[in-house]
Amino acid sequence: MNIIEVNNLTVKYDNVTALDDINIKIKKGEFLGVIGPNGGGKTTLLKSLLGLIKPNIGEVKINDHRPIGYVPQFSNFDRTFPIKVLDVILLGKLEGKIKFLHRFKNTDINKAEEIMHSLGIYKFRNRQISQLSGGQLQKVLIARALIMEPEIMILDEPTASLDANSKTEIYNLLKRLNEDKTIIVVSHDVGVINSYIDTVACLNKKMHYHGDDTKLSKRTLENVYGCPVELIAHGNTPHRVLHVHDEEGEEI
Ligand SMILES: Nc1ncnc2c1ncn2[C@@H]1O[C@H](COP(=O)(O)OP(=O)(O)OP(=O)(O)O)[C@@H](O)[C@H]1O
Ligand SMILES: [Mg+2]
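Here the residue numbers are simple positions, counted from 1 along each chain's written sequence. Working convention: letters from A go to chains and numbers from 1 go to ligands, in the order in which they are written. Only residues with pLDDT of 70 or above have their local features reported here, since the model is predicted, and side-chain atom pairs are shown and tallied only from 80 upward, although totals for entire chains, interfaces and linings are computed over all residues. Side-chain descriptors were evaluated using all non-hydrogen atoms of the structure, hydrogens and water having been removed beforehand.

Asks: Break down the coordination of the magnesium ion (ligand 2) for me, with residues and values.
Replies: For Na, K and Ca the donor cutoff is 3.2 Å, while for all other metals N, O and S atoms must lie within 2.8 Å; water is not among the atoms, so some sites may look incomplete. All of the protein donors around the magnesium ion (ligand 2) are T43 (OG1) and Q73 (OE1); their distances to the metal are 2.0 to 2.4 Å. One end of the pair, T43, is in helix α1 (residues 42–49); the other, Q73, is in the loop between β5 (69–71) and α2 (85–91), and 30 residues separate them in sequence. Residue classification places T43 among the partly exposed positions, given a relative accessible area of 22%. A run of H or I in DSSP counts as a helix once it spans at least four residues, and a run of E counts as a strand once it spans at least two, with each numbered from the N terminus. Think of it in three bands: residues with accessible area under 20% of the maximum for their type are buried, residues over 50% are exposed, and the middle band is partly exposed, with areas taken using a 1.4 Å probe on protein chains only.

Asks: Tell me about the site of ligand 1, and name the residues and values.
Replies: Whether a residue is near a molecule or strand depends on its heavy atoms: it is near if one of them lies within 4 Å of it. Among the 13 residues in the neighbourhood of ligand 1, the closest are listed as G39, K42, T43, T44 and Q73. One of the side-chain nitrogen or oxygen atoms of T44 is found 2.5 Å away from an oxygen atom of ligand 1. Q73 places a polar side-chain atom, nitrogen or oxygen, 2.9 Å from an oxygen atom of ligand 1. Calculation of accessible area relied on Shrake-Rupley with a 1.4 Å probe; when residues are assessed, cover is drawn exclusively from the protein chains displayed. In isolation ligand 1 exposes 640 Å². Once the protein is present, 60% of that is buried. The greatest single-element share of the shell around ligand 1, amounting to three residues, is contributed by α1. Residues were grouped as follows: Ala, Val, Leu, Ile, Met, Phe, Trp, Tyr, Cys and Pro as nonpolar; Asp, Glu, Lys and Arg as charged; and all remaining residues, including Gly, as polar. A class-by-class count of the residues in the shell around ligand 1 yields three nonpolar, eight polar and two charged. Polar contact is defined as a pair of N or O atoms within 3.5 Å, subject to the rule that within protein one atom must be able to donate a hydrogen and the other to accept it, and that residues adjacent in sequence are counted only when both atoms are side-chain atoms.

Asks: Could you give me a rundown of empty space enclosed by the protein, with the residues and numbers involved?
Replies: Here the term cavity refers to a set of points on a 1 Å grid, laid over the protein atoms alone, in which a 1.4 Å probe fits but cannot get out; the term pocket refers to an open set having protein on both sides within 12 Å along at least five of seven lines, with lining residues being those that place an atom within 4 Å of a point. Grid points are joined across faces, edges and corners, and a volume is the space filled by probe spheres set on the points. Tallied over the entire structure, the rule returns one cavity of 30 Å³ or more. The computed volume of the largest cavity comes to approximately 40 Å³. Where the lining of the largest cavity is concerned, the elements lending two or more residues are β2 (16–27), β3 (31–35) and α1. Ranked by the residues each element gives to the lining of the largest cavity, the list is headed by α1, at three residues.

This is the structure in C-alpha cells:
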C-alpha cells in the first residue's frame, strides 16, 4: 500500500522554482532517504508532504489520518529558549499551538516518560534544553514528534553537525522506529544512510532517482549534486554500502 503519493508536484517561491514536476510513491513501512545538494528542494518537499506548503501544480495524497511526526531542520530550533526537556516533548501534543497555563494530563506525562525511557533520555527530563548536547537535543526533538503516535515520521537532517557515533545512534534509533513506522529522512550522509534505508530519493529541483538501487551510478549522483560526490563507507559490520560505479558498471 502506498501511504504517500505525490503527483506532478511543482512548488515555486515567487519566481524561483524549488520543485519541478515531482512524482513519488512511498510505501507503508518504507525507510526512505532523501539526498541532494543545498537548495535542492528537500525541505520544500517535506513541507509539501506536511501540507505546510501549497503546491502550484500537482497534489500530495497521504493515505493515513494520523498527524505526521516532524523533526524540522536543526538550525531552525531556538536552543536558548528557556524550557525543560519534558515540556518540549509535551508541547508536541499541542501541535505547535502554545497555550498559556495549559495543564497536561497525567496520561500525556506518562507517555512522554515512556518515550524518554525508550530513547535513553529520561535522565534529562528536568534539564533545560540549552544544557543538552546536539545529539541529546536531537533525540528530544524526535521524542516530541513521537508523542502523537504517528505512522509517518519525517526528519530533516537529524544528524547534521553530529559526530560519527551520535549519527549512528540516531540512525539505529530510526531503524528501530521503522519496525512499525514509515520513515522519511533527509541526510547528507550519503554513504552512511545506505546501511539503513530501503529506498533513496535523489532530489535537485527534479527527482533524479527514487528506488531501491543503492548502486547508484556516479553520473546520477553527479547530476544530482552538480559536482563529484565523496562517499564514505560506514563501520565494520556488514551492511549495504552505496557503491559508485561508472556507466559501464565498473566499480571505482
Ligand atoms: N520561503 C522561501 N522563500 C523563497 N525562496 C525559498 C524559500 N524557502 C526556500 N526557498 C528556495 O527554494 C529552494 C529550495 O530550498 P529548500 O530549503 O527546499 O532546499 P534544501 O534542499 O532543503 O536545502 P538545504 O540542504 O540547504 O537544507 C532554494 O533555492 C531556496 O533558496
Ligand atoms: Mg533543507
